[in-house]
Amino acid sequence: MPIRFDGTQSVFTLQAGSMCYLIKLLEDGRLCHLYYGADLGDVPSVDYLLRACGTGYSVDGEQSPSIMPMEYPSFGTGDLRESCLIARNHLGQYCADLRFQSYEILPGKPMPTGLPALFADGDDCETLVLLCEDSALGLEAKLFYSVLRGHNAVARRVEFRYTGELPVTLTRAFSGCLELPDDGYELLTFHGAWARERTLHRAALNPGRQGIFSHSGGSGHVHNPLMVLQRSGGGEDFGQCYAANLVYSGNFAATVEVSHMGTARVVMGVDSDTCSFPMTKGETLVLPELVLFYAEGGLGDLTRGIHDLYREHLVRKSPFAKRPVLINNWEATYFDFDQQKLEGIIKEAAHAGMDLFVLDDGWFGHRDDDGSSLGDWFVNTRKLPNGLQGLSASASSYGMKLGLWVEPESISEDSELYRAHPDWCIHIPGRERTRSRRQLLADITRPEVRDAIYTQIKSVLESAPVCYVKWDMNRPVTEPGGVGAGRQERFAFDYILALYEMMERLHKDFPEILLEGCSAGGARFDPGMLYYCPQIWASDNTDASARLDIQLGTAFAYPVCTIGSHVSMVPNHQTGREIPMETRFAVALCGTFGYELDPGRLSQKELEQLPEQIAFFNRYESLIAQGDYYRFYSPANQGDDCCFGFIAKDKRQGLVVFVQRCRQANVLPKVVRLTGFAPKTRYQERFTGGIYTGAALCHAGFPLGAFHNDFESRILVFDALES
Ligand code: DGJ
């Protein structure tokens, strides 16, 4: 996994897994991107990849900035494509030009102060630090590149230090870019809305710019900070793919630009429409990490590679040996509950074998609807006369643990906190305060505000043995400013830094608590959040059919063991659809797995299925959480059938879920091709007893047979037979 510098060729080589990444240092100090892709072995001279030449009616020289592939492009000296850096000096002039000064190769990975990032120790990782400078501006930049043993990833980020006298503003300071020598790719992005998060979208690359962004204050419902480029004509099992994924939970921007020369450049970072960085003498700016990933073997290979990377180096270990099967009362009761009602749910849940009861919104202040009490983090004793202690004692008497919902970033006007501190919300003096879900946001960029809120929550968590916290956030940031924030231009960034600080504090004070992320469903499902929250609620849409798409899109980069998924009641509260219990279970199984219902309102038949389902999940939890995830597509799939599964790393076991969404008339029995099993191993399918080789499953497929109903599903389990 070496990083080395070849002084003869002036090339830095970063190698890990089966990839290499090459950076060329030009004589004039510019850092150019030479190559990222399959490992080239002992790197021959590949300077020709720069394709240096003078171009017609553009910037002069044989190495014209107009065309060179750059490591960290900046605006102002002739590179007219998308930039990573746009700097404005005190006169209002826009120009930056970073030139190489020195380099270091470090064992391990220095973590960015105050920001989440992939973690790794010295044995697993090496980091290249390139120090660059724009001496006219007085701006230093350190470019960090880390490679991790066994992974085809390059984690890159940048830190700036300003040494000039007069103020300068970085109107754009992105985390990095990915230069590709041609545009023969399809772009995959993950877009949506509330209840339709992370729906996969494909588009051909076009000349010019295609982009995604968030202006909501969080990474958002609308786009995810993930771009995938797949070689045109490639598929699930073949073809080169790249991914760029920002480890950040706030406003971001990502653009892919096909240049006038037919090359492609991806840039990504903190959104520059809504945030810029004023720099004063001696100031340092640490920016989020950008994870680049390369895969040779198609989209499936890409997904599995990123899952492995994130499971090992991003998602911290859950304090639970096994993820708890939880029951959440939100869809069961909404705000309308009391101790007795909750005890009814707990009793049935415990009887079925669940581990954890999560008390959702409505337990604090005098909150009976979404119009009040955010900021008043003390128990509503009308609903819970014996406090959380009483509820947890009751849960514990049934052998269940207690989890709790909080929304620390929000504040209701009808709250004691707001009445005492009406200026503690995010607002711009002189402007109307925009409400969303009838609430405002607390200005957590002010230390006294986040401290007051955190202290309240801390004492609640100390009042009872709470072992799980669901951290929600239910509105966009508007009027992004506050009396307490020193520099309003970077308010959007400071907000996220403050949020990370609060989460870090929670981890330090309560290491035994499992933190679940949530934001109006799945509006903040990103690598930044995954660093703090080993699981994130994927969507408020619990309809199993909608969830097939949401979970498929989410699992493109994010490990299945992080995707919050629950079985809920029918008719479904978001779509009104009635999907059979078996299929609701099969879909929820492919995630953290839990329930979001009142077991007392299930039919007797459904109720009787619960213990079996929970036992099944417990049995296969580690296969689902740690196995390799496969999306199975087959020419035999009809309509929009869905099929995916998990194969153990040692190939001894596999679990497959198939869902037919819509029954079609007059079709052949279904056969699905299952890739990923060991070709020569014989497997027995547990429910049918059928025996197949891995090669047969892959090439001939598995006979699913005839399906008679909409939303009919099958779960298959394959065990390797001793040979
Ligand atoms: C939005 C979340 O996504 C839901 O699960 C629930 O916690 C509500 N907020 C509570 O207000």
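Keep in mind that what you see is a predicted model, and the values were worked out from it rather than measured.

Caption draft 1: Representation of the pattern of salt bridges in the model. Tallied over the full model, the rule gives 52 salt bridges. A salt bridge links glutamate 159 to arginine 157, with the shortest nitrogen-to-oxygen separation between them at 2.8 Å. Taking relative accessible area as the criterion, glutamate 159 reaches 18% and is therefore assigned buried. Judged by its relative accessible area of 3%, arginine 157 is buried. Notably, a salt bridge pairs aspartate 355 with lysine 322, separated by 3.4 Å at the nearest N-O pair. A residue pair is termed long-range when its members are at least 10 positions apart, and aspartate 355 in the loop between α3 (339–352) and β23 (356–359) and lysine 322 in the loop between α1 (298–313) and β22 (326–328) qualify at 33 residues. On the accessibility criterion, lysine 322 (26% relative accessible area) is partly exposed. Each of Asp361, Arg367, Asp369, Asp370, Arg437 and Arg438 takes part in a single network of salt bridges with overlapping partners.

Caption draft 2: Focus on the sheet that holds strand β24 (residues 401–406). One open sheet holds the 9 strands; their spatial order is β30-β29-β28-β27-β24-β23-β22-β32-β31, and the pairing between them is parallel. Single-partner strands in this sheet number two, and they are β30 (563–564) and β31 (566–568). In this sheet, β23 lies alongside β22 in parallel orientation, the contact comprising 3 bridges. Residue pairing across strands places isoleucine 327 opposite phenylalanine 357, the latter belonging to β23. Running over the sheet, helix α7 (residues 491–509) touches β27 (466–471) and β28 (514–517) and is turned about 170 degrees from β27.

Caption draft 3: Fine view of the sheet that holds strand β19 (residues 277–279). Read from one edge to the other, the open sheet built from 3 strands follows the order β5-β10-β19, with strand pairing classed as antiparallel. Across the chains shown, the open sheet's two edge strands, defined by having one partner strand only, are β5 (85–88) and β19. Across the sheet, the mean angle from the axis of one strand to that of its neighbour is 25 degrees, orientation sign disregarded. In terms of strand pairing, strand β10 (residues 168–173) meets β19 through 3 bridges, oriented antiparallel. Counterpart to threonine 169 in the pairing with β19 is proline 278.

Caption draft 4: How the structure looks around the site of the ligand. Looking at the ligand, there are 13 residues lining it, with Asp360, Asp361, Lys470, Asp472 and Asp540 nearest. Between the ligand and aspartate 472, the relevant distance is 2.7 Å, taken from a nitrogen atom to a side-chain nitrogen or oxygen of the residue. Tryptophan 537 is positioned with one of its side-chain polar atoms (N or O) 3.4 Å from an oxygen atom of the ligand. Protein contact buries 99% of the 290 Å² of open area that the ligand shows by itself. In terms of residue class, the shell around the ligand is made up of 5 nonpolar, 2 polar and 6 charged.

Caption draft 5: Expanded view of the packing of helix α6 (residues 447–462) against α7. Running from amino to carboxyl end, α6 crosses α7 at an angle of 30 degrees, the nearest separation of the two axes being 11 Å. Classified by the angle between their axes, α6 and α7 sit roughly parallel to one another. In terms of crossing hand, the pair formed by α6 and α7 is right-handed. Residues Arg450, Asp451, Ile453, Tyr454, Lys458 and Leu461 of α6 lie in contact with α7, whose contacting residues are Ala498, Glu501, Met502, Arg505, Leu506 and Asp509. A breakdown of the residues in the contact of α6 with α7 according to their chemical character gives 6 nonpolar, no polar and 6 charged.

Caption draft 6: Examining the nonpolar core more closely. In terms of nonpolar packing, the biggest core is built from 202 residues, with Phe160, Leu170, Trp363 and Leu655 touching the most fellow members. Contact partners of leucine 170, with chain neighbours within four places excluded, come to Leu85, Ile86, Ala87, Leu139, Phe160, Ser276, Phe277, Met279 and Leu285. Membership of the second largest hydrophobic core comes to 19 residues, among which are Val656, Phe658, Leu674 and Ala678.

Conventions adopted
- Residues numbered from 1 in each chain as written.
- Predicted model: local features only at pLDDT ≥ 70, side-chain atom pairs only at ≥ 80, totals over all residues.
- Heavy atoms only, no water.
- Salt bridge = Lys/Arg side-chain N within 4 Å of Asp/Glu carboxyl O.
- Buried < 20%, exposed > 50% of the residue type's maximum accessible area, 1.4 Å probe, protein only.
- Helix = DSSP H or I, 4+ residues; strand = E, 2+ residues; numbered from the N terminus.
- Pairing = 2+ DSSP bridges.
- Contact = heavy atoms within 4.5 Å.
- Axes fitted to C-alpha atoms, helices over the stretch in contact; angles between N-to-C directions.
- Near = heavy atom within 4 Å.
- Polar contact = N/O pair within 3.5 Å; in protein donor to acceptor, adjacent residues only side chain to side chain.
- Areas by Shrake-Rupley, 256 points an atom, 1.4 Å probe, with all protein chains shown as cover.
- Nonpolar A, V, L, I, M, F, W, Y, C, P; charged D, E, K, R; others polar.
- Parallel < 35°, antiparallel > 145°, perpendicular 65-115°, else oblique.
- Left-handed = near helix turned anticlockwise from the far one by under 90°.
- Core = buried A, V, L, I, M, F, W, Y, C linked by side-chain atoms within 4.5 Å.

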